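Residue-level listing of the chains:
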Amino acid sequence: NIENIPLFKLSFLDHALDLSTYTDIIFQSTPSVEFFKYHDDIQDKKVFAMGLGTQSALKSKGVFSNISRKPGSDGLKNIIENRIESGKFLIVKGKGGLNIISDHLEERGAVVETLENYQRFKFSSYSNLINCFKNADFVIFPSKLSAEIYFQEIYNTSMNSKFITISRRIKDYVDSLGYKN
């Protein structure tokens with residue numbers, strides 16, 4: 001039995017922009033797609049997705065996107081490399097999201113702007129969620145924030161769950177806390 005239990009909520013950040021000057025748009029997450037207001041206006045742009053989930057979200061909005069065979073920032077760096085000299089990039093992400101791609105592009109002299117169109121909020125309390133995890137065989141961490149919240153607010157040593165992470169970065173974080181995943 002699989003159950004999705006969110007550990008934080010997402011909130012829209014209002015945004016307005018002129019898309020006419022951008023040639024390339026990079027979506028860093030599924031929520032960045034969901035909270036974007038201009039799907040119809042990017043049909044003539046080269047669109048990139050960070051991973052399969054983000055690509056699927058774009059497809060559901062009628063937007064074709066490119067994705068690397070190797071998901072994540074490293075893979076994306078490889079497929080945008082030949083666009084750096086000719087492109088003006090817009091990176092769409094959540095507030096406080098990773099800057100790996102924007103830093104990479106800027107280091108190579110690309111014109112880059114970032115749009116933060118959503119933010120994450122921790123719940124005021126997690127006491128009502130602890131029982132949901134008591135007998136879980138596996139806990140999947142789709143973000144570093146979800147792992148942080150889980151280990152700070154929910155986890156206790158009597159829980160025997162195994163941990164699954166969706167990226168090397170999240171795995172390294174969980175490992176740094178001393179938990180095997």
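See above for the structure.
Attention in this report is confined to the structure presented alongside it. The written sequence of each chain sets the order in which its residues are numbered from 1. Side-chain atom pairs in this predicted model are given and counted only at pLDDT of 80 or more, local residue features only at pLDDT of at least 70, and totals for whole chains, interfaces and linings cover all residues. Note that water and hydrogens are dropped before the side-chain values are worked out from all heavy atoms of the structure.

1. A short note on the packing of helix H6 (residues 144-154) against helix H7 (residues 168-176)
Condition: Orientation is described by lines fitted to C-alpha atoms, with helices fitted over the stretch in contact, and by angles between N-to-C directions that extend from 0 to 180 degrees. The numbering of helices and of strands both runs from the N terminus, where a helix is a DSSP run of H or I of at least 4 residues and a strand a run of E of at least 2. Should an angle fall under 35 degrees it is taken as roughly parallel, and over 145 as roughly antiparallel, whereas 65 to 115 is taken as roughly perpendicular and any remaining angle as oblique. Helix crossings get a hand from a simple test, with the near helix turned counterclockwise from the far one by less than a right angle marking a left-handed crossing and a clockwise turn marking a right-handed one. We call two residues in contact when some of their heavy atoms are within 4.5 Å. Residues are grouped as follows: Ala, Val, Leu, Ile, Met, Phe, Trp, Tyr, Cys and Pro are nonpolar; Asp, Glu, Lys and Arg are charged; all remaining types, including Gly, are polar.
Relative to each other, H6 and H7 sit at 20 degrees, their axes nearing to 9 Å. Relative to H7, the element H6 is oriented roughly parallel. Along this stretch, H6 crosses H7, giving a crossing that reads as right-handed. Where H6 abuts H7, its residues Lys144, Ala147, Glu148 and Phe151 lie against Arg169, Ile170, Tyr173 and Val174. Grouping the constituent residues of the contact of H6 with H7 by class yields 5 nonpolar, no polar and 3 charged.

2. Quick notes on the sheet that holds strand S2 (residues 24-27)
Rule in force here: Note on pairing: two strands pair once DSSP finds at least 2 bridges between them.
The sheet built from 5 strands is open, its strands ordered S1-S5-S4-S2-S3 with mixed pairing. Two strands close off the open sheet at either side, each with one partner strand: strand S1 (8-12) and strand S3 (46-49). Across the sheet, the mean angle from the axis of one strand to that of its neighbour is 20 degrees, orientation sign disregarded. In the sheet, S2 pairs with S3 via 4 bridges, with the strands oriented parallel. The residue bridging Ile26 from the neighbouring strand is Phe48, located in S3. Packed on one face of the sheet, helix H3 (residues 73-80) meets S2, S3 and strand S4 (88-94) and runs near 160 degrees to S3.

3. Some points on the nonpolar core
The tendency in soluble globular proteins is for nonpolar side chains to be buried as a group. The following threshold applies: Buried residues of nine kinds, namely Ala, Val, Leu, Ile, Met, Phe, Trp, Tyr and Cys, make up a nonpolar core once their side-chain atoms join them within 4.5 Å. Whether a residue is buried, partly exposed or exposed follows from its accessible area with a 1.4 Å probe, protein chains only, as a fraction of its type maximum: under 20%, in between, or over 50%, in that order.
Among the nonpolar cores identified, the biggest contains 20 residues, and Leu7, Phe133, Phe141, Tyr150 and Ile154 are the most heavily contacted of them. In terms of residues, this core owes the most to one element, H6, which gives 5 residues. Residue contacts for Tyr150: discarding those within four places in its chain leaves Leu7, Phe133, Val139, Phe141, Tyr155, Met159, Ser161 and Phe163. Counting residues in each nonpolar core, the second largest holds 16 residues, with Ile25, Phe27, Val33 and Val47 among its members.

4. A few points about the pattern of salt bridges
Spelled out, the test is: Salt bridges are identified by distance alone: a Lys or Arg side-chain nitrogen within 4 Å of an Asp or Glu carboxyl oxygen.
All chains considered together, the criterion is met by 11 salt bridges. Put simply, Glu153 and Lys122 hold a salt bridge, and the shortest N to O gap is 3.8 Å. Remark: Lys122 occurs in strand S5 (residues 111-122) and Glu153 occurs in helix H6; sequence separation between them is 31 residues. On the accessibility criterion, Glu153 (34% relative accessible area) is partly exposed. On the accessibility criterion, Lys122 (41% relative accessible area) is partly exposed. One connected set of salt bridges, linked through shared partners, spans Glu81, Glu107 and Arg108.

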